Amino acid sequence: MTVRRILPIGHPVLRTKATPVPRSDISKPRVQGLIDDLIDTMRHANGAGIAANQIGEPVRILTVEVNDNPRYPYKPPVPLTVAINPELETLDGETVVINEGCLSVPLRGELVRSVNLRVRYTDREGSDHDRIVRGLTAGTWQHECDHLDGILVVDRIDPKTLSTWEQFKVHHQDAFVERITRFVAEIGS
Ligand code: ZN
């Protein structure tokens, strides 16, 4: 159990396409230890999710968890999920504009995410999952899967909406939280 350093934008590993984890490696201590570190590091930083690239390991593993998150108080709860070799499929054209942040980027801003996704992944016990995720939770999955492809939020954010967290709080938070709270109530996720 170790809280690892979260690498900031500019580090080349954040621009590296992560490699798949062979199924036969999932039970190995190296992979299980990396998963433990991802969970500890995500929780320590109050992240809603984290991808292995962010702690310097370009392999296709991400974790997601939301539980009364002080960094993103409007996000609905998500139980701890460990996804190895995740695959996303957009189910339709429905989209939502989300103001997103990232543990590797000191700014946040607005981008467009798909609302309805099919996600397929293997968990840390080696079991396969295939299910639908929606709404802000779908946004979090897209964010973390982007990391595994070397894509950062700044590639998707409308540059005119970029803001520090401090200025977001002063000028944009109220309007965003009002809109997104209505959205979460409608979608239920
Ligand atoms: Zn991120």
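The structure under discussion appears in the preceding block.
Owing to the predicted nature of the structure, the values given are computational and were not obtained by experimental measurement. Within each chain, residue numbers correspond to sequence positions counted from 1 in written order. For this predicted model, a pLDDT threshold of at least 70 governs which residues receive local features, and a threshold of 80 or more governs which side-chain atom pairs are given and counted, while totals over whole chains, interfaces and linings are taken from all residues. Excluded from the side-chain calculations are hydrogens and water; all other atoms, namely the structure's heavy atoms, are used.

(A) Structural view of the packing of aromatic side chains. Aromatic contacts are taken between Phe, Tyr and Trp rings whose centres are within 6.5 Å, Trp giving its six-membered ring; a plane angle under 30 degrees counts as stacked, one over 60 as edge-to-face, and the others as tilted. Scanning the entire structure with this criterion turns up five aromatic pairs. Relative to Tyr74, the ring of Tyr72 lies with its centre 6.3 Å away and its plane at 75 degrees, an arrangement referred to as edge-to-face. One aromatic cluster is present, built from ring pairs that chain together Tyr72, Tyr74, Trp165, Phe168 and Phe176. Only Lys NZ and Arg CZ are tested; either one counts as a charge over a ring when it is within 6 Å of the ring centre and within 35 degrees of the ring normal. The side chain of Lys75 reaches across the aromatic face of Tyr72, ending 4.6 Å from its centre.

(B) Focus on the nonpolar core. Working definition of a nonpolar core: buried Ala, Val, Leu, Ile, Met, Phe, Trp, Tyr and Cys residues. They are joined through side-chain atoms within 4.5 Å. Partly exposed residues are those whose accessible area sits between 20% and 50% of the maximum for their type, while under 20% is buried and over 50% is exposed, using a 1.4 Å probe and protein chains only. Within the largest apolar cluster, 33 residues are counted, with the highest numbers of intra-cluster contacts made by Leu62, Trp141, Ile180 and Phe183. Helix and strand assignments follow DSSP, with helices taken as H or I runs no shorter than four residues and strands as E runs no shorter than two, numbered in order from the N terminus. Put simply, the parts of the chain that give this core at least two residues each are β2 (61-66), β3 (78-90), β4 (95-102), β5 (105-114), β6 (116-122), α2 (135-148) and α5 (173-187). Non-local contacts of Ile180, meaning those with residues more than four positions away in its chain, are made with Tyr74, Val96, Val97 and Leu136. Counting residues in each nonpolar core, the second largest holds 14 residues, with Val21, Val31, Leu34 and Ile61 among its members. We call two residues in contact whenever any of their non-hydrogen atoms come within 4.5 Å of each other.

(C) A look at the pairing of β2. Counting buried residues in β2 gives six out of six residues, a clear majority hidden from the surface. A two-sided burial pattern is seen for β2, the buried positions comprising Ile61, Thr63 and Glu65 on one face and Leu62, Val64 and Val66 on the other. When β2 meets β3, the two strands line up antiparallel, connected through five bridges. Bridging from a neighbouring strand, Thr63 pairs with Val82 of β3. Note on pairing: DSSP must find at least two bridges between two strands before they are called paired.

(D) Highlighting the pattern of salt bridges. Salt bridge criterion: a side-chain nitrogen from Lys or Arg within 4 Å of a carboxyl oxygen from Asp or Glu. In total, this model carries 17 salt bridges according to the counting rule given. Note that Asp25 is salt-bridged to Lys28, the shortest N-O span being 3.0 Å. A relative accessible area of 13% places Asp25 in the buried class. Linking Glu100 and Arg113 is a salt bridge whose minimum nitrogen-to-oxygen distance equals 2.8 Å. One end of the pair, Glu100, is in strand β4; the other, Arg113, is in strand β5, and 13 residues separate them in sequence. Each member of the pair, Glu100 together with Arg113, is buried. Via salt bridges that share partners, Glu89, Arg118, Arg120 and Asp130 belong to a single interconnected network.

(E) Highlighting the side chain of Glu100. The exposure class of Glu100 is buried, given its relative accessible area of 6%. Two N or O atoms count as a polar contact when they lie within 3.5 Å, although within protein this holds only if one can serve as hydrogen donor and the other as acceptor, and sequence-adjacent residues are included solely when both atoms are side-chain atoms. Here the side chain of Glu100 touches His143 through a polar contact of 2.8 Å, side chain to side chain. Ignoring any residue separated from it by four or fewer positions in sequence, one finds Glu100 in contact with Leu107, Arg108, Gly109, Leu111, Arg113, Gly139, His143, Val153 and Ile157.

(F) Up close: the coordination of the zinc ion. Coordinating donors are taken to be N, O and S atoms lying within 2.8 Å of the metal, or within 3.2 Å when the metal is Na, K or Ca; because water is excluded from the atom set, some sites may appear incomplete. At 2.0 to 2.3 Å from the zinc ion lie its protein donor atoms, namely Cys102 (SG), His143 (NE2) and His147 (NE2). Donor residues for the zinc ion sit on one chain with the sequence pattern C-x40-H-x3-H. Placement of Cys102 in strand β4 and of His143 in helix α2 is noted, with a sequence separation of 41 residues between them. Classification of His143 as buried rests on a relative accessible area of 7%.

(G) Expanded view of the sheet that holds β5. Spatial strand order, β4-β5-β8: three strands in an open sheet with antiparallel pairing. On the outer flanks of this sheet lie β4 and β8 (163-164), each paired with one strand and no other. For β5 and β8, the ladder comprises two bridges, and the chain directions are antiparallel. In the sheet register, Leu107 faces β8, and the bridge partner there is Thr164. Contacts between α2 and the sheet are confined to β4 and β5, with β4 contributing the most and set at about 55 degrees to the helix. For helices, the axis comes from a line fit to the C-alpha atoms of the stretch in contact; other axes are also lines fit to C-alpha atoms, and the angle between any two N-to-C directions lies between 0 and 180 degrees. Strands in contact with α5 are β4 and β5; relative to β4, the strand with the most contacts, it is inclined by about 125 degrees.

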